[in-house]
Amino acid sequence: MRPFCFAMATAGMLVSSMACAQSTLRIGLQDDPDTLDPVRSRTFVGRIVLASLCNKLVEITPDLKIVPQLAQSWAWSGENKTLTFKLRGDALFHDGTPVTAAAVKANLDRARTLPDSNRKSELATVASVQAPNANTVVLQLSEPDASLLSQLSDRAGMMLSPATFAKDPGSRPVCSGPYQFKERVQNDRIVLEKFSKHWDAANYHFARLIFTPIPDATVRLSNLRAGDLDIIERVAPMDTKTVRDDKSLNLLPVTGLGFQAISVNLGNGAGANNPLAKDKRVRQALDLAIDREAINQIVGEGMLQPAHQPFPPESFAYNKAFEHTGRDPKKARALLKEAGFDRVKLEITYGNNTTMQQVFELIQAMGAEAGFDISLRPAEFASLQSALARGDFVVGQSGWSGRVDPSGNVHQYVSCKGSLNDGRFCNADVDAALNSARAEPDEAKRRALYDKVLATLQAERPIIYLFYQPWIFGVQKKLTGFVPHPDGMIRLRAVSFTKK
């Protein structure tokens, strides 16, 4: 980071190193993001960058309430099958064009119809979008959808300039957020600059943001402690004491909404030709081989709460009856024998970072005791996402940062046409329950439907859940105003350096 300040000085700009630091916020990411096109994006770190680049129709608060952003207000009508937004009138894209209802319609239609859109299942209930005037957007739904507003608080609700749709917007996005794209050097940095014409520019206090991917948690923390980074996301649990003991830093953890899991390739290309795809007893055995509490204690320092379902304990859809404790390698071996195997070979593809490497090395050792010969295939995180999408895996890491509504944690992962259903699990009863739950406004009735889904998932095990994902931030103590949110995003409104 420091050479950037030096470059400014040598260009004849009379700024001190302190002035440079004050104008630039440096953020350390665990992984390098994939595309910066909100419609095609799959990665969590991509969402972090997009949070500063792209405004959304609505936003969430730290206590998970939905509040205005590009939309100043909204209303339901027609038996909750019509959702009408009133847009603010002063929002601009970074190319200077206004954010109008027509532009919002173009973005939503693109997210609904683009062949490789990862937002399709999030917007599956949207039958049509109208723009009756410049500030009004009307969504007509095929059925009521209790999850839709929460979906629009994330990438499905992010707006790109329609003029850039045909210009590979993922490589040079033109959004409407408080910061605009400046440059990207793959696996090195993403640089954003403040958009002075943003409708809320007065509350954003940095001239420049630099995002740096550093997969090694120890190196990421070392950069923070040296003062070369101002914020890092996902401090490794084993490093939390170091951050707490450093008088120049603050540790800011928050309980997340998401999970880490492994998905089994059941029908996605050549990767599906494996024993786990052919017999659910092999998948059940793999689940029984894993001691989640050992992962929690050994890798997580008690911060990686074991998970057996996609819903975190804070969700109304969470059901403790589907949790269990410990592992049972004896039963796992018996299930393999029932399925006709003495031992099963499998490969796990995962994102190459410090924490997940430790997790999967533990799973490798646990699996060996239960009859599994596991090889590990680490991959750079964006490469992992590409491999999952094209079916180039047997078992793959499946992490999700979580959504406010439970539908956002499960529908796109296990519905037959789910845009993130990389393993191609498909069950008509599960689809029916998921769709009914999304359309049902009553929480008790929704929970009963999700219980049906959980029962099937526990029997079939297309996804084996490992732990709930905490978000642990390390920040320079001089940074004020940063409030972590349960979705793990870095929001910079009203964040600044302390003035000396």
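Everything in this summary refers to the structure shown in the same document.

Criteria and thresholds
Position numbers for residues count from 1 along each chain, tracking the sequence in the order it is written. Thresholds applied to this predicted model are a pLDDT of at least 70 for local features of residues and 80 or more for the giving and counting of side-chain atom pairs; totals over whole chains, interfaces and linings are not thresholded and use all residues. In computing side-chain values, all of the structure's heavy atoms are included and hydrogens and water are not. Any two strands with at least two DSSP bridges between them are considered paired. Here a helix means four or more residues in a row that DSSP labels H or I, a strand means two or more in a row labelled E, and each is numbered from the N terminus. By convention in this document, the label disulfide applies to cysteine sulfur atom pairs within 2.5 Å. We call a set of buried Ala, Val, Leu, Ile, Met, Phe, Trp, Tyr and Cys residues a nonpolar core when their side-chain atoms join them within 4.5 Å. Relative accessible area decides the class of each residue, using a 1.4 Å probe on protein chains only: under 20% of the type maximum gives buried, over 50% gives exposed, and in between gives partly exposed. In what follows, residue pairs with any heavy atoms lying within 4.5 Å of each other are defined as contacts. Comment: axis = line fitted to C-alpha atoms, over the contacting stretch for helices; angle = value between 0 and 180 degrees taken between N-to-C directions.

What follows concerns the pairing of strand E5 (residues 82-87). In this sheet, E5 lies alongside strand E4 (residues 71-77) in antiparallel orientation, the contact comprising six bridges. Across the sheet, residue tryptophan 74 finds its bridge partner in E5, namely phenylalanine 85. The antiparallel hairpin formed by E4 and E5 contains four residues in its connecting segment, where glycine 78 sits at a positive phi of about 55 degrees. The pairing of E5 with strand E7 (residues 136-141) spans five bridges and is antiparallel.

Attention now moves to the state of the cysteines. In total, this model carries two disulfides according to the counting rule given. Disulfide partner of cysteine 416: cysteine 426, at an S-S distance of 1.9 Å. Around the S-S axis, the bridge from cysteine 416 to cysteine 426 shows a dihedral of about 95 degrees and counts as right-handed. Residue cysteine 416 is located in the loop between helix H14 (407-414) and helix H15 (428-439), and its partner cysteine 426 is located in the loop between H14 and H15; the two are separated by 10 residues in the primary sequence.

Core analysis: the largest hydrophobic core is formed by 35 residues, its most contacted members being Ile295, Leu346, Ile363, Phe372 and Leu466. Looking at this core, the elements with two or more residues in it are strand E13 (259-264), helix H9 (280-289), helix H10 (292-298), helix H11 (329-338), strand E14 (344-351), helix H12 (354-370), strand E15 (372-379) and strand E17 (463-468). Per-element accounting of this core gives the leading share, seven residues, to H12. Setting aside chain neighbours within four positions, we find isoleucine 295 in contact with Ile290, Gly300, Leu304, Val359, Leu362, Ile363, Met366 and Phe467.

This brings us to the sheet that holds E13. The strand order E15-E14-E16-E13-E17 describes an open sheet built from five strands, whose pairing is mixed. At either margin of the open sheet sits one strand with a lone partner, and together these are E15 and E17. When the angles between neighbouring strand axes are averaged without regard to direction, this sheet yields 25 degrees. Two strands pair when backbone bridges link them, and E13 and E17 are joined in this way by five bridges, in the antiparallel orientation. Note that in E17 the partner of isoleucine 262 across the bridge is isoleucine 464. Its contacts with the sheet place H12 against E13, E14, E15, strand E16 (395-400) and E17, and it is angled at close to 165 degrees to E15.

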